[in-house]
Amino acid sequence: MAALRAAGAALLRPRAGPAPAVLGYHKKVVDHYENPRNVGSLDRNAKNVGTGLVGAPACGDVMKLQVEVDENGKIVDARFKTFGCGSAIASSSLATEWVKGKTVDEALKIKNTDIAKELCLPPVKLHCSMLAEDAIKAALADYKLKQDPNRESDKKADNA
């Protein structure tokens with residue numbers, strides 16, 4: 001009985017360093033969760049900034065991803081804010097890293113399966129990588145909408 005008690009106490013003792021992967025998250029997810037890249041916001045009213053806001057009602061995750069595009073169509077900055085689990089935060093963080101330096105068309109080719117594979121997400125967390133892909137697409141769609149002068153004038157005509 002004493003040996004069992006000692007083993008249980010050893011399991012409950014806090015450990016130094018990053019959270020162990022046995023708790024369900026791969027070390028890549030833990031790294032992005034503990035050290036998220038590109039957290040923050042860009043000026044959503046800027047013409048060269050696209051904003052995507054997506055959510056998953058089933059789990060409550062909400063992800064905002066923004067991209068800043070230069071005059072040559074290259075993504076020069078990306079930011080995110082995510083309310084959700086470690087996998088959702090890690091997927092957002094990785095997505096912002098991956099879109100930077102890509103053209104709009106190249107960024108649209110990023111798939112949730114690539115994000116899930118890089119982060120070693122289990123099947124139960126695949127929806128997090130799907131949210132990241134959707135957020136990229138939504139941000140780029142918003143950016144493209146701002147670049148089309150006909151659509152902008154259509155919006156003004158509708159509001160008049």
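Residues numbered from 1 in each chain as written. Predicted model: local features only at pLDDT ≥ 70, side-chain atom pairs only at ≥ 80, totals over all residues. Heavy atoms only, no water.

- As recorded in an unreviewed UniProt entry, the protein goes by the name Iron-sulfur cluster assembly enzyme ISCU, listed as coming from Geospiza parvula.
- Heading Sequence similarities (unreviewed entry) of the UniProt record for the protein holds this comment: "Belongs to the NifU family." (UniProt positions renumbered as here; feature names shortened; annotations may be inferred.)

1. Thoughts on the nonpolar core
Thought 1: Ranked by size, the top nonpolar core spans 30 residues in total, and within it Val67 and Val99 carry the most contacts.
Thought 2: Within the residue set of this core, elements represented by two or more residues are strand 1 (49–56), strand 2 (61–69), strand 3 (75–83), helix 3 (86–99), helix 4 (104–107), helix 5 (112–119) and helix 6 (126–147).
Thought 3: Of the residues forming this core, the biggest block, eight residues, is contributed by helix 6.
Thought 4: When residues no more than four places from it in sequence are discounted, the contact partners of Val99 are Val67, Ile75, Ala78, Ala107, Ile110 and Ile136. (Core = buried A, V, L, I, M, F, W, Y, C linked by side-chain atoms within 4.5 Å. Buried < 20%, exposed > 50% of the residue type's maximum accessible area, 1.4 Å probe, protein only. Helix = DSSP H or I, 4+ residues; strand = E, 2+ residues; numbered from the N terminus. Contact = heavy atoms within 4.5 Å.)

2. Observations concerning helix 5
Thought 1: Residues of helix 5 that are buried: Asn112, Ile115, Ala116 and Leu119. Along the axis of helix 5, the buried positions cluster into a sector of 95°, meaning they face one direction only. Facing away from the buried surface of helix 5 by more than 90 degrees, the exposed residues are Thr113 and Lys117.
Thought 2: Backbone geometry just after helix 5 places Cys120 at a positive phi near 55°. (Arc of directions from axis to C-beta.)

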